[in-house]
Amino acid sequence: MIYAYYRVSTELQTYESQKLGVIDFVNRMNWKIDKEYIDEGVSGTILAKKRKLGTLLKILDKGDVLITSELSRLGRSTSDVINTCQLLVKKGVNCYLVKQGMSIDNTPV
């Protein structure tokens, strides 16, 4: 399964620019997004497990793909982002950070 995750901090912001980048990436890879998760008006300082991201993290399985626009969408707290990344690697989920042109997986960086 391929999941997209978007987050904006305030209800005045829109996730559309994030989505455009993710869609462009998905099209280049010849993939299709199966499901999108969106946190609107939710600060990245809120722990991942207390956002829709936490729900997504629970259902991700080995071989799944998570795509987000950039690392900061996963969170603002370094320790929370590291915990999220470690969980993704442990579960065998490939996570792509579109703007950084990076992936979080089990390969050495």
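K.L.:
Now, about the packing of aromatic side chains: what can you tell me, with residues and values included?
P.N.:
For the structure shown, the criterion picks out five aromatic pairs. Note on tyrosine 3 and tyrosine 37: the rings are 6.2 Å apart at their centroids and 55° apart in plane angle, and the pair reads as tilted. Residue tyrosine 3 is located in strand E1 (residues 2-8), and its partner tyrosine 37 is located in strand E2 (residues 35-40); the two are separated by 34 residues in the primary sequence. Across this residue pair, the class does not change: tyrosine 3 and tyrosine 37 are buried. For the ring pair tryptophan 31 and tyrosine 96, a centre distance of 5.5 Å and an interplane angle of 65° mean the geometry is edge-to-face. Within this pair, whereas tryptophan 31 is found in the loop between helix H1 (16-29) and E2, its partner tyrosine 96 is found in strand E4 (residues 94-97), the two being separated by 65 residues in sequence. Take tryptophan 31: its relative accessible area is 26%, and that puts it in the partly exposed class. By the ring-pair criterion, three or more aromatic residues cluster together here, those being Phe25, Trp31 and Tyr96.

K.L.:
Before we move on, could you go through the sheet that holds E4 and cite the residues and values that matter?
P.N.:
Spatially, the five strands line up as an open sheet ordered E2-E1-E3-E4-E5, and their pairing is mixed. What marks the edges here is a single partner per strand, and that holds for E2 and strand E5 (102-104). Strand-to-strand, the axes of this sheet are offset by a mean angle of 20°, without reference to chain direction. With four bridges connecting them, strand E3 (residues 65-68) and E4 associate as parallel partners. Looking at E4, one finds that valine 65 is bridged to asparagine 94. Against the sheet, H1 engages E1, E2, E3 and E4, with an angle of about 160° to E1. Sheet contacts for helix H2 (residues 52-59): E1, E2 and E3; angle to E2, the most-contacted strand, approximately 150°.

K.L.:
Provide a residue-level description of H1, including the pertinent values.
P.N.:
For H1, which comprises 14 residues, the first-to-last C-alpha distance of 20 Å matches the rise-based estimate of 20 Å (1.5 Å per residue) to within 8%. Residues of H1 that are buried: Gln18, Val22, Phe25 and Val26. All buried residues of H1 fall inside an arc of 100° around its axis, so they share one side. Of the residues in H1, the exposed ones pointing more than 90 degrees away from the buried face are Ser17, Leu20, Asn27 and Arg28. In the segment just after H1, asparagine 30 is the residue with positive phi, at about 65°.

Criteria and cut-off values
- Residues numbered from 1 in each chain as written.
- Predicted model: local features only at pLDDT ≥ 70, side-chain atom pairs only at ≥ 80, totals over all residues.
- Heavy atoms only, no water.
- Phe/Tyr/Trp six-rings, centres within 6.5 Å; stacked < 30°, edge-to-face > 60°.
- Helix = DSSP H or I, 4+ residues; strand = E, 2+ residues; numbered from the N terminus.
- Buried < 20%, exposed > 50% of the residue type's maximum accessible area, 1.4 Å probe, protein only.
- Pairing = 2+ DSSP bridges.
- Axes fitted to C-alpha atoms, helices over the stretch in contact; angles between N-to-C directions.
- Contact = heavy atoms within 4.5 Å.
- Expected span 1.5 Å × (residues − 1).
- Arc of directions from axis to C-beta.

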